[in-house]
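Structural overview
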Amino acid sequence: MPSPMIRIDNITKTYGPLTVLDGLSMDVMPGEKLALIGPSGSGKTTILRILMTLEKINGGHIEVDGDQLFHMQRAGRLAAADEKHLQTMRKKIGMVFQHFNLFPHKCVLDNITLAPMLTKGVPRAAAQARAMELLDMVGMADKAKNMPAQLSGGQKQRVAIARALALSPKIMLFDEVTSALDPELVEEVLNVMRRLAVETDMTMLLVTHEMGFAHDFADRVLFFDKGKIVEEGKPADIFRNPRQERTQSFLRKIIAAGHRV
Amino acid sequence: MIDWSGYIGLILQGALVTIELTVLGSALALVMAFAAGLGRLSRFAGVRVLATVYIEFFRGTSIFVQLFWAYFVLPFAGITLTPLQAGVLALGLNVGAYGAEVVRGAVRAIGREQHEACVALNLGRYHRMRHVILPQALPLMLPTFGNNAIELLKGTAVVSLISLTDMTFQAQVVRAQTGSTLIPFATILVLYFAMAMAISAGMRWLERRASRGLDGVRV
Ligand SMILES: Nc1ncnc2c1ncn2[C@@H]1O[C@H](COP(=O)(O)OP(=O)(O)O)[C@@H](O)[C@H]1O
Ligand SMILES: [Mg+2]
């Protein structure tokens, strides 16, 4: 049994008086494709943001690829991670956002090459060659010189995926990456992600309301409610035979809202 | 009949001094604006306090008093400045304090999602500022910077008080020597206006350059 790529151990997350995560523990295995589903406000985004170090935790520990994420050994004791440690850990993790977050002042190609050149010292020519490969994979090679403002939402999101992949992370986090898209643009982004799931051995965490996609994409589905894992299992089991009443009623609502399962 | 050509030449000499003051003062103001504006956003409390004190002090006291300090009081501290140096110092520090608030406001106007994208791409603080935040904040600063530069140009007239022979000073000289008020002051009116127009045009050109490709994204 290999050791987990991500080990979340009893973490707590609060925003002021609001406790969002209260003693959450979960493991994600290397290469595993994990779908996080659940009602809005259940803490799914918060989990991804914590893993991307965009949020701090109030308690507990997270291990990523064998190292502590928010802690480090200092003078033989476990201390809070400093910026340098966080930067080392972030190399392992990439994230794609709901609203793309492309750099509007840079063309598609420069959006992708910026971080590899600055953070890894990749020479421009090599960074551009790699960027073009990735753009080709997401079907955007012909838009390399376009500015983000000239792209559709689906195109922006495919560029954002290529940008995250350019740093070759071991873990990719996808937070409702199709929720901001017009319905007819959803499929082009999902197709890219299907390819990634099949062709790479990255560990992937996906927050989504596209239940049909989660069913095909995921090795395992976690159903969240109020910051807790209510039910987890293989997609076929969760979607066809949910055991918990809350999972059942959530899926009923999702289907009523027009999402396919 | 007065031979005006010599007097106009005097005023043009003054115009060069005014331009010199404006250019050097603006350069110093720009440096101070970024230093103090970014200083106010620093994660170090000491730097934030220092920047705040500078900004509040120079915005809260008049350019007139600042100039007199630079020229007449600093020598007591062993720092003797030429009138031009004193003028540039006072104008640059004064306008820089206003510019600092512009820099701070523009940087803060760049959305959180841009910072988060940088964290997700593992860009450090310096790279984040240099390659992502400032290039987007700059187009937001330029219109106000243009106004500040014009304010600085108009403010240069105060240096005639420390006997620097700028355009206004020369106009007064011409007036005293010729007894005519209209001609010298009409001349400098036109010249000040032309300089302000030149600044505006330059700024518009810079704005177009800096916001190239950003069309339809913001502002
Ligand atoms: N920055 C924040 N400040 C305060 N509350 C927040 C913040 N971010 C999220 N929350 C709250 O945390 C809870 C979980 O949010 P989130 O993780 O976004 O849920 P989900 O992604 O499952 O919809 C919600 O109640 C939300 O309002
Ligand atoms: Mg969410």
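These lines cover the structure that appears in this document, whether it is placed above or below. Here the structure is a predicted model, which means the values were calculated and not measured.

1. Digging into the overall build of chain B
Assigned secondary structure in chain B consists of eight helices and zero strands. The order of α-helices and β-strands along chain B, N terminus first, is α-α-α-α-α-α-α-α. Summarising its shape, the C-alpha atoms of chain B cover approximately 75 × 45 × 20 Å along the three principal directions. Counting over 219 residues, chain B shows a buried share of 43%. Within chain B, residue pairs in contact and separated by at least 24 positions form 76% of the contacts whose partners lie at least 6 positions apart. Carbon and sulfur atoms make up 67% of the accessible area of chain B, which amounts to about 11,200 Å² in all.

2. Observations regarding the site of ligand 1
All names here are of chain A. Near ligand 1 you find Tyr 15, Leu 18, Val 20, Pro 39, Ser 40, Gly 41, Ser 42, Gly 43, Lys 44, Thr 45 and Thr 46, and these make up its full shell. Contacts to ligand 1 include Gly 41, whose backbone N or O atom sits 2.6 Å from an oxygen atom. One of the side-chain N or O atoms of Thr 45 is found 2.7 Å from an oxygen atom in ligand 1. In terms of residues, the shell around ligand 1 owes the most to one element, helix α1 (residues 44–51), which gives three residues.

3. Let's talk about unusual backbone geometry
Glycine aside, residues mostly have negative phi, and peptide bonds are mostly found in the trans state. All names here are of chain A. A positive phi is found at Thr 53, a non-glycine position, where the angle reads about 60 degrees. Positionally, Thr 53 belongs in the loop between α1 and β4 (59–64). On the basis of relative accessibility, which here comes to 12%, the residue Thr 53 falls in the buried class. Residue Glu 176 is not a glycine yet carries a positive backbone phi of 45 degrees.

4. With respect to the pairing of strand β12 (residues 228–233) of chain A
Each regular strand displays side chains that alternate between the two surfaces of the sheet. Residue and element names in this part refer to chain A. Here five bridges tie strand β11 (residues 220–225) to β12, and the two strands are oriented antiparallel to one another. Residue pairing in the sheet places Phe 224 in a bridge with Ile 229 of β12. Once β11 ends, the chain turns through two residues before running back antiparallel as β12, passing Lys 226 with a positive phi of about 50 degrees.

5. Remarks on the packing of aromatic side chains
In this description, an aromatic ring pair is defined by two values, namely the gap between the centres and the angle between the planes. The full count for this structure, using the stated rule, is nine aromatic pairs over all chains. Centre to centre, the rings of Phe 34 of chain B and Phe 145 of chain B are 6.2 Å apart; their planes meet at 70 degrees, and the pair counts as edge-to-face. One end of the pair, Phe 34 of chain B, is in helix α1 (residues 4–39); the other, Phe 145 of chain B, is in helix α6 (residues 125–155), with 111 residues separating them in the sequence. Classification of Phe 145 of chain B by relative accessible area gives buried; the value is 8%. Feature note: the residues Phe 64, Phe 68, Tyr 71 and Phe 72 of chain B constitute an aromatic cluster, connected by ring pairs. The ring centre of Phe 103 of chain A lies 4.6 Å from the NZ or CZ of Arg 163 of chain A, which sits over that ring.

6. Re the interface of chain A and chain B
With 26 residues of chain A at the interface, the matching set in chain B holds 24 residues. Per-residue buried area on chain A facing chain B is highest for Pro 104, His 105 and Leu 118 of chain A; these three make up 26% of the total on that side. Take the side of chain A that touches chain B: its biggest share by element is four residues, from helix α3 (residues 108–120) of chain A. Of the residues that constitute the side of chain A that touches chain B, the class distribution is 15 nonpolar, five polar and six charged.

7. A few points about the sheet that holds strand β10 (residues 203–207) of chain A
All names here are of chain A. Ordered in space as β8-β9-β10-β3-β11-β12, the six strands form an open sheet in which the pairing is mixed. Of all strands in the sheet, those with a lone pairing partner are β8 (93–96) and β12, marking the two edges. The average angle at which neighbouring strand axes cross in this sheet is 20 degrees, direction not considered. Inspection of the sheet shows strand β9 (residues 171–175) paired to β10 by five bridges, in the parallel sense. Of the residues in β10, the one forming a bridge with Met 172 is Met 204.

8. With respect to the packing of helix α2 (residues 45–60) of chain B against helix α4 (residues 83–109) of chain B
In helix packing, the relevant descriptors are the interaxial angle and the interaxial distance, both defined with respect to the helix axes. Residues and elements named next belong to chain B. For the pair α2 and α4, the least separation of the axes is 8 Å and the interaxial angle reads 120 degrees. Comparing the axis directions of α2 and α4 gives the class oblique. The interaxial crossing formed by α2 with α4 has left-handed handedness. Contacts between α2 and α4 pair Tyr 54, Ile 55, Phe 58 and Arg 59 from the former with Gly 92, Leu 93, Asn 94, Gly 96, Ala 97, Tyr 98, Ala 100 and Glu 101 from the latter. Partitioning the contact of α2 with α4 into residue classes produces seven nonpolar, three polar and two charged.

9. Notes on the packing of α6 of chain B against helix α8 (residues 182–210) of chain B
Residue and element names in this part refer to chain B. Where α6 contacts α8, the axes come no closer than 9 Å and their chain directions differ by 165 degrees. Classified by the interaxial angle, the pair formed by α6 and α8 is roughly antiparallel. Like other packed secondary-structure pairs, α6 and α8 cross with a definite hand, here right-handed. Of the residues in α8, those in contact with Pro 139, Leu 142, Pro 143, Phe 145, Gly 146, Ala 149, Ile 150 and Leu 153 of α6 are Tyr 192, Met 195, Ala 196, Ile 199, Ser 200, Met 203, Leu 206, Glu 207 and Ala 210. Here the contact of α6 with α8 is composed, by residue class, of 14 nonpolar, two polar and one charged.

10. Re the side chain of Asp 225 of chain A
All names here are of chain A. Within the fold, Asp 225 resides in strand β11. Asp 225 gets classed as buried once you look at its relative accessible area, which sits at 12%. Within polar-contact distance, the side chain of Asp 225 engages the side chain of Arg 246 at 3.0 Å. For Asp 225, the contacting residues outside a window of four places in its chain are Pro 39, Ser 42, Val 230 and Arg 246.

11. Topic: the pairing of strand β1 (residues 6–15) of chain A
Residues and elements named next belong to chain A. In terms of strand pairing, β1 meets strand β2 (residues 18–28) through eight bridges, oriented antiparallel. Across the sheet, Ile 8 pairs through a bridge with Met 26, a residue of β2. Relative to β4, β1 runs antiparallel, the two being bridged by five bridges. Its bridge partner being in β4, Asp 9 is matched across the sheet by His 61.

Quick notes on the rules
- Residues numbered from 1 in each chain as written.
- Chains lettered and ligands numbered in written order.
- Predicted model: local features only at pLDDT ≥ 70, side-chain atom pairs only at ≥ 80, totals over all residues.
- Heavy atoms only, no water.
- Helix = DSSP H or I, 4+ residues; strand = E, 2+ residues; numbered from the N terminus.
- Buried < 20%, exposed > 50% of the residue type's maximum accessible area, 1.4 Å probe, protein only.
- Contact = heavy atoms within 4.5 Å.
- Areas by Shrake-Rupley, 256 points an atom, 1.4 Å probe, with all protein chains shown as cover.
- Near = heavy atom within 4 Å.
- Polar contact = N/O pair within 3.5 Å; in protein donor to acceptor, adjacent residues only side chain to side chain.
- Pairing = 2+ DSSP bridges.
- Phe/Tyr/Trp six-rings, centres within 6.5 Å; stacked < 30°, edge-to-face > 60°.
- Lys NZ or Arg CZ within 6 Å of the ring centre and 35° of its normal.
- Buried area = accessible area lost by both parts, 1.4 Å probe.
- Nonpolar A, V, L, I, M, F, W, Y, C, P; charged D, E, K, R; others polar.
- Axes fitted to C-alpha atoms, helices over the stretch in contact; angles between N-to-C directions.
- Parallel < 35°, antiparallel > 145°, perpendicular 65-115°, else oblique.
- Left-handed = near helix turned anticlockwise from the far one by under 90°.

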